There are 2 protein chains.
Amino acid sequence: MAKKPLILITNDDGITAKGIAQLVKSMQKIGDILVVAPDKPQSGMGHAITIHHPLRLSKSNQFEGVEAYTCSGTPVDCVKLGIYEIIKRRPDLLVSGINHGSNAATNVLYSGTMSAAVEGAIEGIPSIGFSLLDHSSDADFEAAGHFASQIASAILANNLQKGVCLNVNIPKGKLEELKGTKICRQGRAFWEDSFDKRTDPFGGDYYWLTGNFSSTDKGEDTDMWALDHGYVSIVPTQFDMTAHHLISQLNEWDLNN
Amino acid sequence: MAKKPLILITNDDGITAKGIAQLVKSMQKIGDILVVAPDKPQSGMGHAITIHHPLRLSKSNQFEGVEAYTCSGTPVDCVKLGIYEIIKRRPDLLVSGINHGSNAATNVLYSGTMSAAVEGAIEGIPSIGFSLLDHSSDADFEAAGHFASQIASAILANNLQKGVCLNVNIPKGKLEELKGTKICRQGRAFWEDSFDKRTDPFGGDYYWLTGNFSSTDKGEDTDMWALDHGYVSIVPTQFDMTAHHLISQLNEWDLNN
């Protein structure tokens, strides 16, 4: 019998979040599991790494019968510690999530969940980030868990090109309400931010970042469109951010006089 | 006479870093300036935003005759506060840096300096991140400052496509030692990490993230190659991370049974 694949699991909502518990459950059917997750919520951490503070790593009993650790750092720190310090090799699969809230469109840039998956891709590991379009801490992750095992099995069965990960977003709803998966491109959108300005009891001002996600991208091939129409969106995601199509144009600029 | 352009300046090394002082000096020749910079070093923060803590914003007298603020958050927070809270409009140019240390190749993903520029691009602002290949706090920023004004003037004179920013890295050395600029693609590389494990005075283990930047990309069109050969590297950088070339292949996978 073939050896079971080793699956590294992390997230950005922290080890006690409901989403990662579902992901552990879904992955247990597929392989051997190692969990390295932040010890506190790390949403919005993007591709941050911890270099100004030391990192702490602790054994965790969060999941019965599963080797698990918490880390004081970011999701990307968790991936690096998992690979270079705990198992000292590349796992067969890296999964991150299931995030509480969407990471579709440009949210991929702000997302700790997706940055862990992108870090996996940089390391040459087949990697997937999963997010459910429901922010509530007791969200129903059953359908998301179903798709997580489905897509993880597919990535292990097929050869995903090295340096690519998948950004998977799952609409809210029961499994039978969802229309299945759709391969998409990253939608173009931005946060129209506003700051909620308040005054603390000592007279000092402070701000909370809020905002509306705003888009003029009318394409029907985007992850935003798919999610709006009841599909699970899958965006193959890579980390070359070069605007290749502009290289010839920029070579016409006069930059050296 | 034409109105002077409004230039928003930020960085990730914090408002007291030598690199941002040089950037202010270089931009003063070109336009009106607003500085919104972190109140402490934020290296390695990637595209992180602050959502679990409130943000503080304070007036700063760091630069004589220049409107400046410090912010308790990340470089991306600084950009958002600058645009949505302080000037309540988009500046004509956003510049970030000059970073103490390289942000070439895949470092663009971990870099707070570049994330501020990418955030500018998402907001539709012509944006540039500058980095000098010298980590020392008293590095010589003169040549870097020269190229910063050169490239900022060029971006204002030419129309850089919306949604694109420039990742500019400058080798260490005197101006006359540098060979000029080179338009490049992002080199492919990764950090071969290692963790320096230590024990605190109370018996607890902690880790420092260290590592070697490692690459097998032999292309002579990369930023790494240009920098190794004495050129200032300029990579046009965008934020669509879709692996477009894989969409047709992924559509062949069986994901819905």
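Residues numbered from 1 in each chain as written. Chains lettered and ligands numbered in written order. Predicted model: local features only at pLDDT ≥ 70, side-chain atom pairs only at ≥ 80, totals over all residues.

Colleague: Which residues make up the overall build of chain A, and what are the values?
Modeller: Scanning chain A from N- to C-terminus turns up seven helices and 11 strands. The C-alpha atoms of chain A give a radius of gyration of 19 Å, which matches the 18 Å a tight globule of 257 residues would have. By principal-axis analysis of the C-alpha atoms, chain A measures approximately 65 × 55 × 45 Å. Of all 257 residues assigned to chain A, the portion counted as buried reaches 54%. Considering only contacts in chain A between residues 6 or more positions apart, those separated by 24 or more positions represent 77%. (Helix = DSSP H or I, 4+ residues; strand = E, 2+ residues; numbered from the N terminus. Rg over C-alpha atoms; globule rule 2.2 N^0.38 Å. Buried ≥ 20, exposed ≤ 12 C-beta atoms within 10 Å, placed from the backbone. Contact = placed C-beta atoms within 7 Å.)

Colleague: Could you give an account of the relation of the copies chain A and chain B, naming the residues involved and the relevant values?
Modeller: Here chain A sits on chain B after a turn of 180° about the axis and a move of 0.0 Å along it, with an RMSD of 0.0 Å. When the rotation and shift are considered jointly, the pair of chain copies conforms to a two-fold rotation axis. The share of interface residues of chain A whose copies in chain B are also at the interface is 100%, consistent with both copies meeting through the same surface. (Least-squares fit on C-alpha atoms with pLDDT ≥ 70 in both.)

Colleague: Before we move on, can you summarise helix α5 (residues 142-157) of chain A with the specific residues and values?
Modeller: Residues and elements named next belong to chain A. With 16 residues, α5 extends 23 Å from end C-alpha to end C-alpha; this agrees with the ideal 22 Å at 1.5 Å per step. Of all the residues in α5, the buried ones are A144, G145, F147, A148, I151, A152, A154 and I155. Packed against the buried residues of α5 are α1 (18-28), β5 (93-100), β6 (127-132), β7 (164-170), β8 (181-183) and β11 (232-238). (Expected span 1.5 Å × (residues − 1).)

Colleague: With reference to specific residues and values, describe the interface of chain A and chain B.
Modeller: At the interface, 66 residues of chain A touch 66 residues of chain B. Looking at the side of chain A that touches chain B residue by residue, the classes come out as 36 nonpolar, 21 polar and nine charged. (Nonpolar A, V, L, I, M, F, W, Y, C, P; charged D, E, K, R; others polar.)

Colleague: Explain helix α2 (residues 75-86) of chain B to me, and be specific about the residues and the numbers.
Modeller: Most of α2 of chain B is tucked away, with 10 of its 12 residues classed as buried. Positioned one or two residues after α2 of chain B, K88 of chain B has a phi angle of 55°, which is positive.

Colleague: Explain the pairing of β5 of chain A to me, using residue names and the numbers behind them.
Modeller: Residues and elements named next belong to chain A. In terms of burial, β5 is largely enclosed, as eight of its eight residues are buried. Two strands pair when backbone bridges link them, and strand β1 (residues 6-10) and β5 are joined in this way by four bridges, in the parallel orientation. Its bridge partner lying in β5, I7 is registered against L93. (Pairing = 2+ DSSP bridges.)

Colleague: How would you explain the sheet that holds strand β8 (residues 181-183) of chain B if you had to name every residue and give the values?
Modeller: Residue and element names in this part refer to chain B. Reading across from one edge, β3-β4-β2-β1-β5-β6-β7-β11-β8 is the order of the nine strands in this open sheet, with mixed pairing throughout. Both outer strands of the open sheet, β3 (57-60) and β8, are each paired with one neighbouring strand and no more. The mean angle between the axes of side-by-side strands here comes to 25°, regardless of whether they run parallel or antiparallel. Both strand β2 (residues 32-38) and strand β4 (residues 67-71) contribute to a ladder of five bridges, which runs parallel. In the sheet register, V36 faces β4, and the bridge partner there is Y69. Contacts between helix α1 (residues 18-28) and the sheet are confined to β1 (6-10), β2, β5 (93-100) and β6 (127-132), with β5 contributing the most and set at about 145° to the helix. Here helix α4 (residues 112-122) sits on the sheet and contacts β1, β5, β6, β7 (164-170) and β11 (232-238); the angle it forms with β6, its principal contact strand, is near 170°. (Axes fitted to C-alpha atoms, helices over the stretch in contact; angles between N-to-C directions.)

Colleague: Any chance you could break down the sheet that holds strand β3 (residues 57-60) of chain A for me, citing the residues and the numbers?
Modeller: Residue and element names in this part refer to chain A. Taken together, nine strands build an open sheet; the order of strands is β3-β4-β2-β1-β5-β6-β7-β11-β8 and the sheet is mixed. Pairing within the sheet leaves two strands with one partner each, and these edge strands are β3 and β8. When the angles between neighbouring strand axes are averaged without regard to direction, this sheet yields 25°. Of the strand pairs in this sheet, β3 and strand β4 (residues 67-71) are connected by four bridges, and their pairing is antiparallel. Bridge assignment links L57 to a residue of β4, and that residue is C71.

Colleague: For unusual backbone geometry, give the residues involved together with the corresponding values.
Modeller: Peptide bonds are, in most cases, trans, and in most cases residues other than glycine have a negative phi. Residues and elements named next belong to chain A. The omega torsion of the bond from G97 to I98 falls at -10°, within 30 degrees of zero and hence cis. Looking at the element boundaries, I98 is found in strand β5. Positioned with a positive phi, A105 is a non-glycine residue whose angle comes to about 55°. If you trace the backbone, A105 turns up in the loop between β5 and α3 (107-110).

Colleague: Can you tell me about the environment of Y84 of chain B, naming the residues and giving the values?
Modeller: Within the secondary structure layout, Y84 of chain B lies in helix α2. Ignoring any residue separated from it by four or fewer positions in sequence, one finds Y84 of chain B in contact with D193, S194 and F195 of chain A.

Colleague: Help me get a handle on the packing of α1 of chain B against helix α5 (residues 142-157) of chain B, residues and values and all.
Modeller: Residues and elements named next belong to chain B. Close contact between α1 and α5 brings their axes to 9 Å; oriented N to C, the two are set at 45°. As the angle between them shows, α1 and α5 are arranged oblique. At the point where α1 passes α5, the crossing takes the right-handed sense. Along its contact with α1, which presents Q22, L23, K25, S26 and M27, the element α5 presents A144, G145, A148, S149 and A152. Per-class residue counts for the contact of α1 with α5 are five nonpolar, four polar and one charged. (Parallel < 35°, antiparallel > 145°, perpendicular 65-115°, else oblique. Left-handed = near helix turned anticlockwise from the far one by under 90°.)

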